[in-house]
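Coordinate analysis (summary)
Chain by chain, the residues:
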Amino acid sequence: MEQQPATSRDVRIHDVLQVVTREGTIAVKELADELGVSPMTVYRDVAALETSGLIQRSHGRVTAAPFSMAEASSLMRMGTELDAKQRIADAALPLLAPGLTIAMDDSTTCRHLFPGLGELAPLTVVTNARFIADAVRDSAELELITLGGSYLRWADAYAGPMTEAMIDQVSPDVCIMSTTAVTGGVCSHPDEAMAAVKGRLMRAARQRILLVDRTKFSRNALHRFLPLSEVDVVITEKSLDPAHLATLRDQVERVITV
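In this text, all values refer to a predicted model and were calculated from it rather than measured experimentally. (Residues numbered from 1 in each chain as written. Predicted model: local features only at pLDDT ≥ 70, side-chain atom pairs only at ≥ 80, totals over all residues. Heavy atoms only, no water.)

1. Structural notes on the packing of aromatic side chains
Tallied over the full model, the rule gives 1 aromatic pair. Between Tyr151 and Tyr158, the aromatic rings sit 5.3 Å apart at their centres with planes inclined by 55°, giving tilted as the arrangement. For Tyr151, a relative accessible area of 32% translates into the label partly exposed. (Phe/Tyr/Trp six-rings, centres within 6.5 Å; stacked < 30°, edge-to-face > 60°. Buried < 20%, exposed > 50% of the residue type's maximum accessible area, 1.4 Å probe, protein only.)

Shown next as structure tokens:
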């Protein structure tokens, strides 16, 4: 199945989040005027973002949630850095081979591995992300193992002790994922439960591949889960700051730039 582009609603919701983050707090009417849509449309979009815990609404005003403790929802992440994510994912495909068991988390960059991943079948995908499981399910050539647990709506994925216990029962050949931030040579994530899943899933695999566009190096996140020294391959952008690129090459055996 070919990857579906971001819909106009996806783009609009992303724009809502950008404006609210920039302003800190803004009236619904002002937000509607800036985006050129009706207040009713804004209310529907805001409701979706409220469910994800990214913004809060009170008395006709919308306020951004603190991003140091909240990851952007899977819907928002699907609509950002699309070109970079696709190039990075395309560079990861040649590292894979038929017969492998591949672990993936809720990193939206992993979604860009489809439909190319199906061309490498037979493969088995192990994932805690519902949207990744859906992509695998739609490819008849791929086998699927899902990791359950507590469902996190903002991530469209599962995390928690049950998820971690399931990870302990598998030994993937490869783990491919991204991360919210790379700071001081360590991968980190705003959500404690998801950080634990990411670290456990990476360490369960024989080979670890990290997919990170340049934006990941300008962020910070609270919960550390894996040092770069434990990663086998990093795929990133050629436009990454030379200082960050030098750090990567000092700590990781193989760095691929696209």
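2. Observations concerning the environment of Leu201
With respect to the helices, strands and loops of the structure, Leu201 is situated in helix H8 (residues 192-204). Residues Leu201 and Cys175, 26 residues apart in the sequence, show an inter-C-alpha distance of 7.0 Å. Here Leu201 is in contact with Ala103, Met104, Asp105, Leu147, Ile167, Cys175 and Met177, once residues within four sequence places are set aside. (Helix = DSSP H or I, 4+ residues; strand = E, 2+ residues; numbered from the N terminus. Contact = heavy atoms within 4.5 Å.)

3. Structural notes on unusual backbone geometry
With omega at 5°, the peptide bond leading from Phe114 into Pro115 counts as cis. When you line up the elements, Pro115 lands in the loop between strand E4 (101-104) and strand E5 (123-127). In this structure, Pro122 follows Ala121 across a cis peptide bond, with omega equal to 10°. Following the sequence through the fold, Pro122 ends up in the loop between E4 and E5. Phi at His59 takes a positive value of approximately 55°, unusual for a residue other than glycine. One can find His59 in the loop between strand E2 (55-58) and strand E3 (61-64). Within the chain, Asp156 stands out as a residue other than glycine whose phi angle is a positive 55°. Locating Asp156 in the fold gives a position in the loop between strand E7 (150-152) and strand E8 (157-159).

4. Comments concerning the packing of helix H2 (residues 28-35) against helix H3 (residues 39-51)
The contact between H2 and H3 brings their axes to 9 Å, and the two run at 105°. In terms of orientation, H2 and H3 fall into the roughly perpendicular class. Here Val28, Leu31 and Ala32 of H2 lie close against H3, whose contacting residues are Pro39, Val42, Tyr43 and Val46. Considering only residue class, the contact of H2 with H3 consists of 7 nonpolar, no polar and no charged. (Axes fitted to C-alpha atoms, helices over the stretch in contact; angles between N-to-C directions. Parallel < 35°, antiparallel > 145°, perpendicular 65-115°, else oblique. Nonpolar A, V, L, I, M, F, W, Y, C, P; charged D, E, K, R; others polar.)

5. Some remarks on the sheet that holds E2
In spatial order, the strands read E1-E3-E2; together these 3 strands make up an open sheet with antiparallel pairing. Each edge of the open sheet carries a strand with a single partner, namely strand E1 (25-27) and E2. The sheet shows a mean angle of 20° between the axes of neighbouring strands, direction not considered. Along the sheet face, H2 touches E1 and E3 and points at about 85° away from the line of E1. Contacting E2 and E3, H3 runs over the sheet at an angle of about 125° to E2. (Pairing = 2+ DSSP bridges.)

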